[in-house]
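A structural walkthrough
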Amino acid sequence: MGESGAGKSTLARVAAGLITPATGQVLLDGEPLAPIHRTREQHRRIQMVFQNPDSSLNPSHSIYRILSEGMLLHRTLGASGVRPSRAAITQRCLELLNMVGLSDADILSRRPQAFSGGQRQRIAIARTLAVNPDVLIADEPTSALDVSVQHEILDLLAALRQTQGLSLMLITHDLGVANALCDDIMVMRGGTSVVHKSTEEFFADPGPQYAQDLLAAASSVSITPQSV
Amino acid sequence: MKLSHDRLPSTLVAGVALLIAIVLAVLIIPLVSPYDPTAEDISSMLQPPSFAHPFGTDQLGRDLLVRVAAAGRVDLALMVGVELLPFIIGTAAGLIAGYYGGWPNRVITLLSDALIAFPFYLLVAVVAFVTGTGITGIFLTFLIMGWIIFARTVKGATASLAGAEWVESARVMGFSDASILVHQMLPNVLSQAVIVLVSDMVALLVAIVTLGYLGLGVTPPTPDWGTMIADGQSFLSTRWWVSTLPGCAVVLVGIALALIGDGLNDARRQS
């Protein structure tokens, strides 16, 4: 969490291997990761859902291709060394769409422009699930969506976190969402971590003045956990 | 750019139909005509269009219909062949410059700026001086100059997409830069490059014909529209068909390509 310009998205991009940090390193299960040029397996383990669903899917590719290219690259479908059949890929794509609440088989042949923002964000989440990641980074995944759709996407992320055993790194402005969805909260300001605590501890004692102000400001609006 | 038949722009349909008709004509006429495009017949010099010679004959008695068709084979094949390599090189250079920015962009921009500042027909004359007139000179000249327009178009389109989240998604997924360029970026910028390709072919055809007209292009006896126009220039006021009909062939191809270019542009905007 943190105000705009605090460095939340930058931190997410560093974790995802998109940019090189000025200092420090990214550890996954205690193992240091290269800033950008990671192994294929390291790429597979950390996936990211972006803020704007309108630009997060390749407009010239079908949904089938968008969902299948990751699983083919990382060979997460079928026996290793054997390219899965088109039928098997289609079946897996439909399973992935089902996981994110999309069930129309016609979806696979269509392109991203045919879908609403919420549907595109679901497809973007399905794409990440195709490679069985361990960590899912969600960079304000609902900020570009309607309020009603925001809740659906957050519900979906909460459910996937449980059913898929995903570690979720959620970037949000909404303390209520953080309270409902996260085990730990990190507040950032000016590119550094101001506080990093368990959610329970944070709400009991936010710590530094900036975190207190943030909590107070959120309380004056509402920090009631939403329906996630 | 994916098109469905029910919304193909009419300009595209008309352009493709016209181009197919022209290509079929230049392929079939030399096969079925009783005349050899290079065989001279002094007894039939400068005859006007007739049933025996629908386009008339030239100053050496050669049938102009079969010569226009044979020249079409040469010029159209040259146009496609000469454009293909610059298209591939320019598209690749534009992708690299647009995607990476930095020094690859600076090198490619500097090179293209330096080349584009060089007068085209002066370069033709220099290359023709080195290689001699003919197809090799045309090919080399267009190879040196032709890639620039594709590089600039594709560079701009690629740079505007390079920061898109779907590109970052592909990086997070672990795709290599080469794979991102070829499989992710190229499908999104190719349509613009193809539109430029079709438009550029019109300019290329005019340049090929102009070089033939100036005696720097295809060398006789190989038939070529530019050479034919130049050959008939002396008789233009009395034997109009010798220059005019090859010129009409050039105009028809130009119209077909312009219609295709417009149609592709319309289709791209629709999609």
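Numbering of residues starts from 1 in every chain and runs along the sequence as written. Here the convention is simple: chains get letters from A, ligands get numbers from 1, in the order in which they are written. Only residues with pLDDT of at least 70 get local features here, since the model is predicted, and only at 80 or more are side-chain atom pairs given and counted; chain-wide, interface and lining totals rely on the full set of residues. The basis for every side-chain value is the complete set of heavy atoms in the structure, and neither hydrogens nor water enter the calculation.

**Quick look at the overall build of chain B**
Summing up its helical and strand segments, chain B has nine helices and zero strands in all. Starting at the N terminus and ending at the C terminus, chain B contains elements arranged as α-α-α-α-α-α-α-α-α. The principal-axis extent of the C-alpha atoms belonging to chain B is close to 75 × 50 × 30 Å. The 271 residues of chain B split such that 46% are buried. In what follows, residue pairs with any heavy atoms lying within 4.5 Å of each other are defined as contacts. Considering only contacts in chain B between residues 6 or more positions apart, those separated by 24 or more positions represent 72%. The method behind every accessible area is Shrake-Rupley, applied with a 1.4 Å probe, and residues are considered shielded solely by the protein chains displayed. With an accessible surface of roughly 12,300 Å², chain B has 70% of that area assigned to carbon and sulfur atoms. Taking the average location of the 12 positive side-chain charges in chain B and that of its 17 negative ones, the two points are 8 Å from each other. In this description a helix means any DSSP run of H or I spanning at least four residues, a strand means any run of E spanning at least two, and both kinds are numbered starting from the N terminus. Each residue is assigned to one of three classes by its accessible area relative to the maximum for its type, calculated with a 1.4 Å probe on protein chains only: buried under 20%, partly exposed between the two thresholds, exposed over 50%. For this count, His and the chain ends are skipped, Lys and Arg are scored as positive, and Asp and Glu as negative. Here the site of a charge means NZ on Lys, CZ on Arg, CG on Asp, or CD on Glu.

**What about the packing of aromatic side chains?**
Here a pair means two rings of Phe, Tyr or Trp (six-membered ring of Trp) with centres within 6.5 Å. Their orientation is stacked below 30 degrees between planes, edge-to-face above 60, and tilted elsewhere. Applying the stated rule across the entire model yields four aromatic pairs over all chains. Look at A:Phe202 and A:Phe203: their rings are 5.6 Å apart centre to centre, the planes differ by 85 degrees, and that puts the pair in the edge-to-face class. Ring geometry for B:Tyr99 versus B:Tyr100: centroids 5.1 Å apart, planes at 80 degrees, classification edge-to-face. Taking relative accessible area as the criterion, B:Tyr99 reaches 9% and is therefore assigned buried.

**Describing the interface of chain B and chain A**
Tallying the contact residues gives 15 residues for chain B and 25 residues for chain A. Each partner contributes to the roughly 1,800 Å² buried at the junction of chain B and chain A, and carbon and sulfur atoms together form 52% of this total. Each of two parts loses accessible area, computed with a 1.4 Å probe, when they are put together; buried area is these two losses added. Per-residue buried area on chain B facing chain A is highest for B:Glu165, B:Val172 and B:Met173; these three make up 39% of the total on that side. Note on definitions: salt bridges are taken to be side-chain nitrogens of Lys or Arg within 4 Å of carboxyl oxygens of Asp or Glu. Taken together, the links from chain B to chain A amount to one salt bridge.

**Points about helix α5 (residues 117–129) of chain A**
If you check α5(A), its first and last C-alpha atoms are 19 Å apart, about what 13 residues at 1.5 Å a residue would give, namely 18 Å. For α5(A), the set of buried residues is A:Gly118, A:Arg120, A:Gln121, A:Arg122, A:Ile123, A:Ala124, A:Ile125, A:Ala126, A:Arg127, A:Thr128 and A:Leu129. Residues of α5(A) that are buried sit in contact with β3 (46–49), α3 (63–74), α4 (86–99), β4 (135–139) and α6 (147–163) of chain A together with α6 (165–173) of chain B. Take the number of residues in a helix, subtract one, and multiply by 1.5 Å to get its expected span.

**Some thoughts on the pairing of β3(A)**
For a regular strand, the rule is simple: side chains alternate between the two faces of the sheet. Residues and elements named next belong to chain A. Burial along β3 is two-sided: the face carrying Ile-46 and Met-48 and the face carrying Gln-47 and Val-49 are both buried. As paired strands, β3 and β4 are joined by four bridges and run parallel to one another. Paired with Ile-46 across the two strands is Val-135, which belongs to β4. Note on pairing: two strands pair once DSSP finds at least 2 bridges between them.

**So, the sheet that holds β4(A)**
All names here are of chain A. Taking strand neighbours across the sheet as the criterion, the three strands line up as β3-β4-β5 in an open arrangement whose pairing is parallel. Edge positions in the open sheet fall to β3 and β5 (167–171), since each of these has one partner strand only. This sheet shows a mean twist of 20 degrees between the axes of neighbouring strands, independent of strand direction. Sitting on the sheet, helix α1 (residues 8–16) is in contact with β3, β4 and β5, with an inclination near 150 degrees to β5. As a rule, the C-alpha atoms of each element are fitted with a line to give its axis, helices using only the stretch in contact, and angles between N-to-C directions run from 0 to 180 degrees.

**Things to note about the environment of A:Asp174**
Residues and elements named next belong to chain A. Summarising the element assignment, Asp-174 is placed in the loop between β5 and α7 (175–181). Separated by 34 residues in the primary sequence, Asp-174 and Glu-140 place their C-alpha atoms 9.5 Å from one another. In protein, a polar contact requires one atom able to donate a hydrogen and another able to accept it; more generally it is a pair of N or O atoms within 3.5 Å, and residues adjacent in sequence count only if both atoms are side-chain atoms. Within the structure, Asp-174 has its side chain in polar contact with the backbone nitrogen of Gly-176 (distance 2.8 Å).

**Examining the UniProt feature "transmembrane region" (unreviewed entry) in chain B**
Residue and element names in this part refer to chain B. According to UniProt, the feature "transmembrane region" (unreviewed entry) maps to residues 12–32, 76–100, 120–150, 193–216 and 240–261 in the numbering used here. Its end C-alpha atoms 30 Å apart, residues 12–32 is made of 100% helix and 0% strand. With 95% helix and 0% strand, the stretch residues 240–261 has end C-alpha atoms that lie 31 Å from each other. UniProt positions are given in the numbering used here, feature names are shortened, and annotations may be inferred rather than shown by experiment.

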